[in-house]
Amino acid sequence: MPAAAPRPTPDRHRRRRALAIATGLALLVALVNVVFGGGLAAAQEDEADISSDALLERGAQIYGAQCALCHGEAGRGLPVDGPDGGPPLIGVGPASVDFMIRTGRMPLDNANERLSHRPQQMTDEDRRAIVAYVTSLAPGEGPGIPDIEGWQQADLSRGLHQFTTHCAACHGPTAAGVAVGQRDVSSNLEVSTPLEIAEAVRSGPGVMPAFNEEIVPQQDLEAIVAWVMDLRERESPGGLAIGRSGPVSEGFIAWVLGLGLLMIVMYLLGEKADEEVDDHGGE
Amino acid sequence: MAASDRRPPRTPAGGRTKADQWREQRKREDRAARWAAVSFLVAIVASLALFVVYISGGQAQLEGLTLFIAFGAVGVGLAIWVRVIVGPEEIVEDRYPMRSEDADRDAFEELYQSTMGEVTVGGRRRFLLRLLTGAGLSLGLALLIPIRSLGPGPRNELFRTEWGEGVRVVDEEGEPLRPEDISPDQVVTVFPEGATGSADSQAVLVGLRKDVPTDLRQPTVEGIVVYSKICTHAGCPVGLYRAAVGELLCPCHQSTFGVYDGAEVLSGPAGRPLPQLPIEVDREGYLVAISDFRVPVGPSFWNLTRGDGA
Amino acid sequence: MSTTDESRRQSPLDDVARWLDDRLRLAEGTQRYWRKAFPAHWSFLIGEVALFSLVVLLFTGTFLAFFYVPDTRLVVYDGPYVPLQGQEISAAFDSTLRLSFEVRGGLVMRQIHHWAALVFVAAITVHMLRVFFTGAFRRPRELNWVVGVILLLLAFGAGFTGYSLPDDLLSGTGLRIGYSVLLGIPFVGPLIGFIALGGEYPGTDVLGRLHILHVMLLPAGLIGLVGAHLAILVRQKHTQKPSKKATNTNVVGEPLFPNQTLTSLALFAFTIAVLAMLGGLFEINPVWLYGPYEPFQVFAPAQPDWYMGWLEGLLRLWPNWEFTILGLTIPSTLLPGVILPGLIFTVVGAWPWIDARWITKDHEEHHLLQRPRDVPVRTGIGVGGFVFLLSIFIAGGNDVLASNTATGLQTISAILRVGTIVVPLLIGWIAYRIAKGLKENEAAAARATRSEPASGAQQ
């Protein structure tokens, strides 16, 4: 969802791998579901714990150690054009902070590093603490962590339509991501969890625009999540879809496998140059 | 026409007799014939398998695969047949220059002159021929007329959209929008009320950040700007919004437009900015257009700056 | 012969042949062509693959035409594909989905058709390159070269109209660009655009018109011109590589029957096999993922089929030069979208005359092929031109390239803008030097072998 280059994983081929990998994937999906369930629980916990002083204190501590260098004292930010400059965090809302840490984009080791999807760089507990702390700097401002419990019941048809209206322009019809500017590549949503997708929609990380309740109501948000998750698991009835990157990969296959194979056939069927005496020069 | 000559047999190697060679040749052909036969059998089996796949409900991959095997096997069989069993054969055919013999040309020219004479000789005949030519040309012109029926000529369609004074700004669902619905960095496709989905009236509404200075060409509501969504280059919807830098990007040919600078072209092949829709808030608090776009939307055309004459 | 006469008379096929000959006087003509000589070098088979792909296109296309509905009227989708159920889509898109998910064998037919189109144009391209670099277009074959170029244009047209038919989001985007380029033609652009669509974009008649073009006019043109292409070929006989036997006044090759017939049949079978393999195993144009066309929706990356890539690339690379002179606006699409492609096709079409007039200065009749080194200037220009087309083709996928190489989008475009001019000149010049060097070396070697015996005799 958020624009981040380089691409999280170079792996763009998805459908139909060897059976073993497929099984592995299925397990992974199951795992993701479990984690996701946990994520939801965590999200709810967050709201319950937000006022807890211990959590806030812990958040302030970690913030001071890991975030303040760039984002400044109490989330006030440092000039972005200076060294180690980071944007202010006051009022960005819980969704944004949670997304950034959850997807491993933050914390960065140094400010020049580009944001990329990584495993979470801290414990869930620490993440909750930071979210609580940053939220406390401007309570009630910015998008909260969305609750998308209902996504599995959401209308796929609505999801496809809403995805095409709001998301496909940057992420592509198959959510595979593409270059959307000089420094930015829209994320491949292959590795995103439902909660991460929803958080990104609401908070608009990186160069991505944000979509509030008025533009993308809760029901549509769940539908979009449902479609992205469905897209990922959806079989390709047409066969192997290498990269699903449309006419580019199709043209490549047509030349290499189509005409390429036929050229080999032609070469075997016809007469080769070495079969006859070469005798030029009369021209 | 063709003097056919089979390729000369290779010189017998190391003491083998003609009979040996002949037997070897036979053996090779037998082997090839067996392989060709196997290929054709495979083709038969694959074709039958295709039948089964089809009758039992069909499955695209299996259909493709059986077709591939069937035709591939036929190809292999035929290839063995022609390359091994029939074997290479070389014939030489004569070729003549493409130009006709002089005598033929002369004869035809004479024939032409004498027969054309029957049509053209004499003033009246020549006159008739000219009129016939004229009739042919006029008819040809007349037959072009139906092409004109294919579509109406452009009147002012390219200069007008469904937007106009007091027309509400609605989203894709037809819901009117209020300024407070839009927060910074929001982007939403909007239409004039009553023309949701309209191709030439589609516009993109962007929520502006408070702290970024703007340089806009048309009056607008604070924190909001609306541009035509049709790229001024080749007409694709300018669907990508890079909120952090305030750039709209067209996914077709990558023209970028600066949202805070009146959609000025920042890079890419587009020749002019996206037209901005002048907007205000009506008495009930909804966003409305002050007027239609003040310049034509979409890709440029020759009389773009001349106006529609209305 | 006489020994088998008795048994032959028994065959019913013989009776048919005799019946036909009684009425059509066939024996004489058939006899003449039964043993026609076909040069057997493998590169002569490339054109046949194009022909066979066309046959596959006609057969699969006929099947598809039985189901396709060229209508933009909205219907509610109620087929088996869940993510579109209940959506209002055009009858055209609905029929495409029905073909893909409900008609038995429909998906594989649709995919074979689309793959065949891609391979068809690819085969034409390679065939054309062979003819170009071996000088096979020289007198007396200028006319057939022109017919070939028109065939290529028709193939482009058939491809474009074809992938516009499903009325999915990608096809609509292509149509929008095509209309916009038409609109930009000075004075008549808007009129042409309106006539093409039956009104302002998106019009209501466009699918019906594209359909008639795609299933009737363009195929008729293709079939007719392929017929002319082959008739001229038979009339003029094949070119051939020069050898001890093969001269300018003969044709050396395999006879039409049995060798060439069996070879062609085998190649036909292989062509179908490869296209069926692609159609069955590789997904192409999954319109159900793209969704129906809505004028305000779009997605990136949006590429046309490969053979349109060079046109797309020109549009992407061209600078945003747009002028208004005396009230006449010249849109930035006019040069890359109309004039430059027109110019390229004119030069390609007129190449036999350009070649004879300025490069070889040779207006004689030729039936022997040249090697690229024999005419270094032509080879240089050809390689340069091909590299130019290749680089604007690559530019057509600049966004995909940028994301796959982790290079900036604008950086890629800037590199390609310069590269498109510099690289073809450079590589063309290198090709020219190599060809010239090879030619000179050969000439020197030939002089050496000729003078050796002479000097030996003097001593």
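Just so we're clear, the structure is a prediction, and the values are computed from it rather than from any experiment. (Residues numbered from 1 in each chain as written. Chains lettered and ligands numbered in written order. Predicted model: local features only at pLDDT ≥ 70, side-chain atom pairs only at ≥ 80, totals over all residues.)

Right, let's talk about the overall build of chain A for a bit. On a plain count of helices and strands, chain A comes out with nine helices and zero strands. N-terminal to C-terminal, the α/β element order of chain A is α-α-α-α-α-α-α-α-α. The buried share of chain A, reckoned over its 283 residues, is 48%. Across chain A, every contact between residues at least 6 apart in sequence was considered, and the portion connecting residues at least 24 apart equals 73%. (Helix = DSSP H or I, 4+ residues; strand = E, 2+ residues; numbered from the N terminus. Buried ≥ 20, exposed ≤ 12 C-beta atoms within 10 Å, placed from the backbone. Contact = placed C-beta atoms within 7 Å.)

Looking only at helices and strands, chain B has four helices and twelve strands in total. In terms of overall size, chain B is more extended than a compact globule, its C-alpha atoms giving a radius of gyration of 38 Å where 310 residues would be expected to give roughly 19 Å. Taking the principal axes of its C-alpha atoms as reference, chain B extends roughly 110 × 75 × 45 Å. Burial statistics for chain B: of 310 residues in total, 38% are counted as buried. Sequence separation of at least 24 residues holds for 56% of the intrachain contacts in chain B that already meet a minimum separation of 6. (Rg over C-alpha atoms; globule rule 2.2 N^0.38 Å.)

With that settled, consider the interface of chain A and chain C. Across the boundary between the two partners, chain A contributes 60 residues, which contact 67 residues of chain C. Every element with two or more residues in the side of chain A that touches chain C is listed here: helix 5 (156-166), helix 6 (168-171), helix 8 (218-233) and helix 9 (247-269) of chain A. Across the side of chain A that touches chain C, the residue classes tally to 30 nonpolar, 21 polar and nine charged. (Nonpolar A, V, L, I, M, F, W, Y, C, P; charged D, E, K, R; others polar.)

Going from Met106(A) to Pro107(A), the amide bond is cis rather than trans, its omega being -5°. Here Pro107(A) is to be found in the loop between helix 3 (94-102) and helix 4 (124-137). One non-glycine residue with positive phi stands out, namely Ala175(A), at about 60°. One non-glycine residue, Ala406(C), lies in the positive phi region at around 55°. Note that Ala406(C) resides in the loop between helix 17 (398-405) and helix 18 (409-458).

As a further point, take the packing of helix 8 (residues 169-183) of chain C against helix 9 (residues 189-197) of chain C. Residues and elements named next belong to chain C. In the contact formed by helix 8 and helix 9, the axes pass within 7 Å of each other and the chain directions differ by 145°. Between helix 8, through Tyr179, Leu182 and Leu183, and helix 9, the contact on the second element is made entirely by Gly189, Pro190, Ile192, Gly193, Ala196 and Leu197. Counted by class, the contact of helix 8 with helix 9 contains seven nonpolar, two polar and no charged residues. (Axes fitted to C-alpha atoms, helices over the stretch in contact; angles between N-to-C directions.)

Every contact between the two is made by 69 residues of chain B and, on the other side, 83 residues of chain C. When contributions to the side of chain B that touches chain C are tallied by element, the ones reaching two or more residues are strand 1 (2-5), helix 2 (60-86), strand 2 (90-94) and strand 10 (264-267) of chain B. Per-element accounting of the side of chain B that touches chain C gives the leading share, 16 residues, to helix 2 of chain B. With four bridges connecting them, strand 2 of chain B and strand 4 (residues 250-255) of chain C associate as antiparallel partners. Bridge pairing in strand 4 of chain C places Ile91(B) opposite Gly253(C). (Pairing = 2+ DSSP bridges.)

All names here are of chain B. One open sheet holds the four strands; their spatial order is 3-4-5-6, and the pairing between them is antiparallel. Both edges of this open sheet fall to strand 3 (169-171) and strand 6 (224-228), since each of them pairs with a single strand only. Going from strand to strand, the sheet's axes swing by 40° on average, the running direction of each strand aside. Relative to strand 4 (residues 187-192), strand 3 runs antiparallel, the two being bridged by three bridges.

Turning to the sheet that holds strand 7 (residues 240-242) of chain B, a few remarks are in order. Residues and elements named next belong to chain B. Read across the open sheet, the four strands follow the order 7-8-9-10; overall the sheet is antiparallel. Edge positions in the sheet fall to strand 7 and strand 10, since each has one partner strand and no second. Neighbour-to-neighbour, the strand axes of this sheet turn through a mean angle of 35°, independent of strand direction. By the bridge criterion, three bridges tie strand 9 (residues 256-258) to strand 10 in an arrangement that is antiparallel. Considered in strand 10, the bridge of Thr256 is made with Ser267.

Now for helix 3 of chain A. Residue and element names in this part refer to chain A. Most of helix 3 is tucked away: nine of the nine residues are buried. By the burial criterion, the buried members of helix 3 are Pro94, Ala95, Ser96, Val97, Asp98, Phe99, Met100, Ile101 and Arg102. Once helix 3 ends, the next one or two residues include Gly104, with phi positive near 70°.

Next up on the list: the domain arrangement of chain B. Each assigned domain of chain B is listed here: domain 1 (2-7 + 15-92) and domain 2 (161-310). Measuring from the centre of the C-alpha atoms in domain 1 of chain B to the corresponding centre in domain 2 of chain B gives 65 Å. (Domains from an automatic or database assignment.)

Attention now goes to the environment of Glu213(A). Here Glu213(A) is to be found in the loop between helix 7 (194-203) and helix 8. In sequence terms Glu213(A) and Pro143(A) are 70 residues apart; their C-alpha atoms lie 9.4 Å from each other.

Residue and element names in this part refer to chain B. Scored by pLDDT, chain B has a mean of 91; 94% of the residues are at 70 or more. Note that residues 1-9 has pLDDT below 50 and, in this model, 16 contacts with residues that lie over four places away or in other chains. The ipTM assigned to the predicted complex is 0.92, against a pTM of 0.90. (pLDDT = per-residue confidence, 0-100.)

Turning our eyes to something else, we now look at the confidence of the model for chain A. Residue and element names in this part refer to chain A. Across chain A, the average pLDDT comes to 80, with 78% of residues at 70 or higher. Here residues 28-50 scores under 50 on pLDDT; set against residues more than four positions off or in separate chains, the count is 23 contacts. Note on residues 276-283: pLDDT is under 50 here. Beyond four places in sequence and across chains, it has 15 contacts.

Time to look at the packing of helix 2 of chain B against helix 11 (residues 256-281) of chain C. It is the contact of helix 2 of chain B with helix 11 of chain C, at a shortest axis distance of 7 Å, that shows an interaxial angle of 160°. Relative to helix 11 of chain C, helix 2 of chain B is oriented roughly antiparallel. The two elements helix 2 of chain B and helix 11 of chain C cross, and the hand of that crossing is left-handed. Each residue belonging to the contact of helix 2 of chain B with helix 11 of chain C can be placed in one class, and the counts come to 22 nonpolar, eight polar and one charged. (Parallel < 35°, antiparallel > 145°, perpendicular 65-115°, else oblique. Left-handed = near helix turned anticlockwise from the far one by under 90°.)

Structurally, Thr164(A) is set in helix 5. On the basis of neighbour counts, which here come to 23 C-beta atoms within 10 Å, the residue Thr164(A) falls in the buried class. Separated by 33 residues in the primary sequence, Thr164(A) and Val131(A) place their C-alpha atoms 31 Å from one another. Look past the residues within four positions of Thr164(A) in its chain and what remains in contact with it is Leu169(C), Gly291(C) and Gln297(C).

Attention shifts here to the pairing of strand 6 of chain B. Residue and element names in this part refer to chain B. Counting buried residues in strand 6 gives five out of five residues, a clear majority hidden from the surface. Residue alternation in strand 6 divides its side chains into two sets, Ile224, Val226 and Ser228 and Val225 and Tyr227, and both sets are buried. As defined by bridge partners, strand 5 (residues 203-207) adjoins strand 6 across five bridges and the pair is classed as antiparallel. Note on strand 6: the bridge partner recorded for Val206 is Val225.

This next bit is on helix 17 of chain C. Residue and element names in this part refer to chain C. When you tally the buried positions in helix 17, you get six out of eight residues, the bulk of the element. Inspection of helix 17 places Asn398, Asp399, Val400, Leu401, Ala402 and Ser403 among the buried residues, and these make up the whole buried set. Just downstream of helix 17 lies Ala406, where phi reads positive at about 55°.

Before going further, it helps to examine the environment of Ala36(B). All names here are of chain B. Inspection of the secondary structure puts Ala36 in helix 1 (residues 18-55). On the basis of neighbour counts, which here come to 20 C-beta atoms within 10 Å, the residue Ala36 falls in the buried class. Placed 48 residues apart in sequence, Ala36 and Val84 show a C-alpha to C-alpha distance of 10.0 Å. Filtering out sequence-adjacent residues up to four positions away, Ala36 remains in contact with Gly77, Ile80, Trp81 and Ile85.

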